[in-house]
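Single-letter residue listing:
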Amino acid sequence: MLVNKIHIFALAAALCTTATGSSANSSLFGDDLKNDEAVVLQLQTQLNELGFDAGPTDGAWGRRTAGAVDAFTERFPPVAPFSEASALIDRLQLIHDSWFASPFSSGNLITPQKSLVSQQIVVSDIRSDGIACEPCNVSTFVLGAGDFDGDQIDEVLLGLHVSVNFRNQNVPTSMMIIDRIETGNAELLKIPGATASIRRVHEREAAIADFNGDGIDDFFIAAHGLDAQPFPGEQNILVLSSPTGLQDRSDTNIPQINDMSHGADAGDIDGDGDYDIVVMTNDGSEKYEPYVLFNDGTGAFEMQPLASIVDAPQIITLYAGRNRANQFSSARLLDLNNDALPELLLLRSDPSESRQHTNTTSHIFWNSGTGTFSADNMTNLPTDRWSSVTFTNDAEAIDLDGDGLMDLILTQSTRETNSSGEIIGNWHGQFIQILRQAEGGYFVDETAERIWPQGYSLPLNEIHFADETELVDLDEDGDVDIVTRSFSPAMTSLSLDDAIIQIGINDGNGHFAPLNPRWLSANQDYRFRSPLPGRFGPDGQTGILSYSVYGIFNETTDITWGADFSLSFLSNH
């Protein structure tokens, strides 16, 4: 039996009664509201914009409006049952503002008194890799930071992807590491492979952990190859540390398959003291199902189907049938109940053009204690900001309210659709969702209460998709702040109408205020892309790496060769 905990919890809250008994919220207020056409019109407009079908916006209270109120209350349950109509109106306004109001009109924008100190440290250029690029466009993927040489200073992993006229090309490029960041004069190094530098077409996501047990970070890269038909996939990457430096073990320690891996994460699934890897595949020509790589403790991995540890074929089977798929953008291994074993989070993807997805949400599978998972112990998460076209890219766990329970911060994007709901564009948008864990493994959406409004003035297709949110104490005040990474710059003009929020500062109680993008970009446009925090200072202090695109602009056809990287410190270092 499927147990949908979030819906059970929300429904219980929605059906909480007044002293008189068992009426749902809409019936409590229908008589009060039906004669107030202006208020009902506002309710209908906001409910419809939030995805709850209130019917025509005609100001007339009817069954569809009442049903939309009940659905809204189920999805966003109040702390206490509504006792009067004004409480419902206020809550609806709060949630609506969290989706659609400007973050720059809330009055809580943080602008530090001191200017942000930044310095340019290195420039990447695809032409130095022997690749002709006249014209072309190079997208720079900042994959993550880790200490790969044991010097207590982080290095940064990069992937460079080539397109022409913004069409992806099947061109392998050298994977790069930015080293010696702390010196202010960083080096851009190719990662050596068995015979030459490691080269791939599209490195999608990195899992960084100490896989071989030597106390130094290693990395696994989910590489999915050409991101266009026929989606051929490509060999994933495994690089381990050694006394003589990084060693490519892609051809010996992991499966030799072209599987179009779209996401990966590391964690000790089976509790044997080493890091395993879960790999989420997408719909590729070779048709590989998602799988797990079990570590033998030395960084050598054995492949097993995800279905061997997750008893939920109706949810995890990628190729569920003709023109149907269970496709997830990625997975996360996070300990959410403090038992030292990770839960498995499957993060929802959007529908594909070729297959109808049978799943429309993200899931938590709770670890049984033996490294197995079941649909009988599963929680569905309300990852629905853009309805069925919501793409959840990342999940991070943190106890925001100090109650000992791990809460979730999710990073989401979407795709453009036409009036018929058909997908017509690429991935865009940015939405940070906060889910607070209550007793019993239930999760309550507290995005509106804990983070700034996220209704940007920029058109959706001008906000590049948000890939990941990092948790780090940027201001060194003892709590965790958030840094969201996307291809978008902080600002595309000097107006806040053309800006996004990339960094949120924690007030110490798990509520986040936005850091002024003008301050971050030093009042310059098209800067501060893909911000990545790490131990980048000379003594391991936390800094932020970001970049601006390197190329020729304002021509008939823009040409981009790479990225111009800068290092910034928010503290006094």
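Right above here is the structure, for reference.
Notes on the structure in this doc start here.

Calculation criteria
Residues numbered from 1 in each chain as written. Predicted model: local features only at pLDDT ≥ 70, side-chain atom pairs only at ≥ 80, totals over all residues. Heavy atoms only, no water. Helix = DSSP H or I, 4+ residues; strand = E, 2+ residues; numbered from the N terminus. Rg over C-alpha atoms; globule rule 2.2 N^0.38 Å. Buried < 20%, exposed > 50% of the residue type's maximum accessible area, 1.4 Å probe, protein only. Contact = heavy atoms within 4.5 Å. Areas by Shrake-Rupley, 256 points an atom, 1.4 Å probe, with all protein chains shown as cover. Lys, Arg positive; Asp, Glu negative; His and termini not counted. Charge placed at Lys NZ, Arg CZ, Asp CG, Glu CD. Pairing = 2+ DSSP bridges. Axes fitted to C-alpha atoms, helices over the stretch in contact; angles between N-to-C directions. Parallel < 35°, antiparallel > 145°, perpendicular 65-115°, else oblique. Left-handed = near helix turned anticlockwise from the far one by under 90°. Expected span 1.5 Å × (residues − 1). Arc of directions from axis to C-beta. Disulfide = S-S within 2.5 Å. Polar contact = N/O pair within 3.5 Å; in protein donor to acceptor, adjacent residues only side chain to side chain. Core = buried A, V, L, I, M, F, W, Y, C linked by side-chain atoms within 4.5 Å. Phe/Tyr/Trp six-rings, centres within 6.5 Å; stacked < 30°, edge-to-face > 60°. Lys NZ or Arg CZ within 6 Å of the ring centre and 35° of its normal.

1. Let's talk about the overall build of the chain
Step number 1: Counting secondary structure elements, the chain contains eight helices and 36 strands.
Step number 2: By the compact-globule yardstick of 25 Å for 573 residues, the chain fits well, its C-alpha radius of gyration being 24 Å.
Step number 3: In the chain, which comprises 573 residues, the share counted as buried stands at 56%.
Step number 4: Restricting the contact set of the chain to residue pairs at least 6 apart, pairs at least 24 apart contribute 57%.
Step number 5: A total accessible area of about 22,900 Å² is found for the chain, and carbon and sulfur atoms account for 48% of it.
Step number 6: In the chain, 30 side chains carry a positive charge and 83 a negative one; their mean positions are 7 Å apart.

2. Thoughts on the pairing of strand E3 (residues 155–164)
Step number 1: Burial analysis of E3 places nine of its ten residues in the buried class, which makes it a mostly covered element.
Step number 2: Strand direction decides the pairing type here: E3 and strand E6 (residues 176–179), joined by three bridges, are antiparallel. Counted as the bridge partner of Leu-158 is Met-176 from E6.
Step number 3: Sheet topology places E3 next to strand E4 (residues 167–168); two bridges connect them, and they run antiparallel. The residue of E4 that forms the bridge with Val-164 is Arg-167.

3. Considering unusual backbone geometry
Step number 1: Going from Gln-229 to Pro-230, the amide bond is cis rather than trans, its omega being 10°.
Step number 2: Along the polypeptide, Pro-230 turns up in the loop between strand E10 (218–223) and strand E11 (237–240).
Step number 3: Residue Ser-387 is not a glycine yet carries a positive backbone phi of 55°.
Step number 4: Position of Ser-387 relative to the elements: it lies in the loop between strand E25 (378–381) and strand E26 (390–398).

4. A closer look at the pairing of strand E23 (residues 362–365)
Step number 1: Every second residue of E23 is oriented toward a common face, with Ser-362 and Ile-364 on one face and His-363 and Phe-365 on the other, all of them buried.
Step number 2: Here three bridges tie strand E21 (residues 343–348) to E23, and the two strands are oriented antiparallel to one another. Bridged to Leu-345 within E23 is Ile-364.

5. Considering the sheet that holds strand E30 (residues 466–472)
Strands belonging to one sheet form pairs held by backbone hydrogen bonds; the direction of such a pair is parallel or antiparallel.
Step number 1: Strand order in this open sheet of four strands is E30-E31-E32-E33, and the pairing throughout is antiparallel. Each of the sheet's edge strands pairs with one partner strand only, and the pair in question is E30 and strand E33 (512–514). On average, adjacent strands in this sheet sit at an angle of 25° to one another, irrespective of strand direction.
Step number 2: With three bridges connecting them, strand E32 (residues 503–506) and E33 associate as antiparallel partners. Within E33, the residue paired with Ile-505 across the bridge is Ala-513.

6. Structural notes on the packing of helix H3 (residues 37–49) against helix H5 (residues 85–100)
If you want to describe how two helices pack, look at the angle between their axes and the distance between the axes.
Step number 1: Running from N to C, H3 and H5 point in directions that differ by 40°, and their axes come no closer than 10 Å. In terms of orientation, H3 lies oblique with respect to H5. Like other packed secondary-structure pairs, H3 and H5 cross with a definite hand, here left-handed. Residues Val-39, Gln-42, Leu-43, Gln-46, Leu-47 and Glu-49 of H3 pack against Ile-89, Leu-92, Gln-93, His-96 and Phe-100 of H5.

7. Here we look at H5
Step number 1: Here H5 contains 16 residues, and its C-alpha end-to-end distance of 22 Å stays within 8% of the 22 Å for a straight helix at 1.5 Å per residue.
Step number 2: For H5, the complete set of buried residues consists of Ala-85, Leu-88, Arg-91, Leu-92, Ile-95, His-96, Ser-98 and Trp-99. On an axial view of H5, the arc spanned by its buried residues comes to 155°, and they lie on one face.

8. What about the state of the cysteines?
Cysteine pairs can be linked by a disulfide, which is a covalent bond between their two sulfur atoms.
Step number 1: Tallied over the entire structure, the rule returns one disulfide.
Step number 2: There is a disulfide in this structure between Cys-133 and Cys-136, and the S-S distance comes to 1.4 Å. Residues Cys-133 and Cys-136 are joined by a disulfide whose S-S torsion is about -65°; by sign, that bridge is left-handed. In this structure, Cys-133 and Cys-136 share a single accessibility class: buried.

9. Focus: the side chain of Gln-235
Step number 1: Relative to the elements of secondary structure, Gln-235 occurs in the loop between E10 and E11.
Step number 2: Of the residues examined, Gln-235 reaches a relative accessible area of 14% and is grouped as buried.
Step number 3: The contacts of Gln-235, once residues within four sequence positions are left out, are Arg-200, Ala-223, Ser-250, Ile-254, Pro-255, Gln-256, Ile-257 and Asn-258.

10. Re the side chain of Asn-236
Step number 1: Assignment of secondary structure puts Asn-236 in the loop between E10 and E11.
Step number 2: In this structure Asn-236 comes out as buried when scored by relative accessible area, which is 3%.
Step number 3: A polar contact is formed between the side chain of Asn-236 and the backbone nitrogen of Ala-223, at a distance of 2.9 Å.
Step number 4: A polar side-chain atom of Asn-236 sits 3.1 Å from a polar atom in the side chain of Tyr-291.

11. Observations regarding the nonpolar core
Step number 1: Grouped together as the largest cluster of nonpolar side chains are 42 residues, with contacts concentrated most on Val-156, Leu-157, Ile-178, Phe-219 and Phe-565.
Step number 2: Those elements that provide at least two residues to this core are strand E1 (117–123), strand E2 (137–146), E3, E6, E10, E11, strand E35 (542–552) and strand E36 (559–569).
Step number 3: When residues in this core are grouped by element, the largest group, six residues, is from E36.
Step number 4: Residue contacts for Ile-178: discarding those within four places in its chain leaves Val-122, Glu-155, Val-156, Leu-158, Ala-186, Glu-187, Leu-188, Leu-545 and Phe-565.
Step number 5: Grouped together as the second largest cluster of nonpolar side chains are 30 residues, Phe-104, Trp-452, Tyr-456 and Leu-515 included.

12. Quick notes on the packing of aromatic side chains
Step number 1: The final tally for this structure, using the stated rule, is 14 aromatic pairs.
Step number 2: With 5.7 Å between their ring centres and 80° between their planes, Phe-465 and Phe-487 make a pair best called edge-to-face. Taken as a pair, Phe-465 in the loop between helix H7 (447–450) and E30 and Phe-487 in the loop between strand E31 (481–486) and E32 lie far apart in primary sequence, 22 residues in all. There is no split in this pair, since Phe-465 and Phe-487 are both buried.
Step number 3: Chaining the aromatic ring pairs together yields one cluster made of Phe-52, Phe-72, Phe-76, Trp-99, Phe-100, Trp-386 and Phe-431.
Step number 4: Sitting above the plane of the Phe-76 ring, Arg-75 keeps its charged end 4.2 Å from the centroid.

Functional significance is not addressed by these values, which are geometric in nature.
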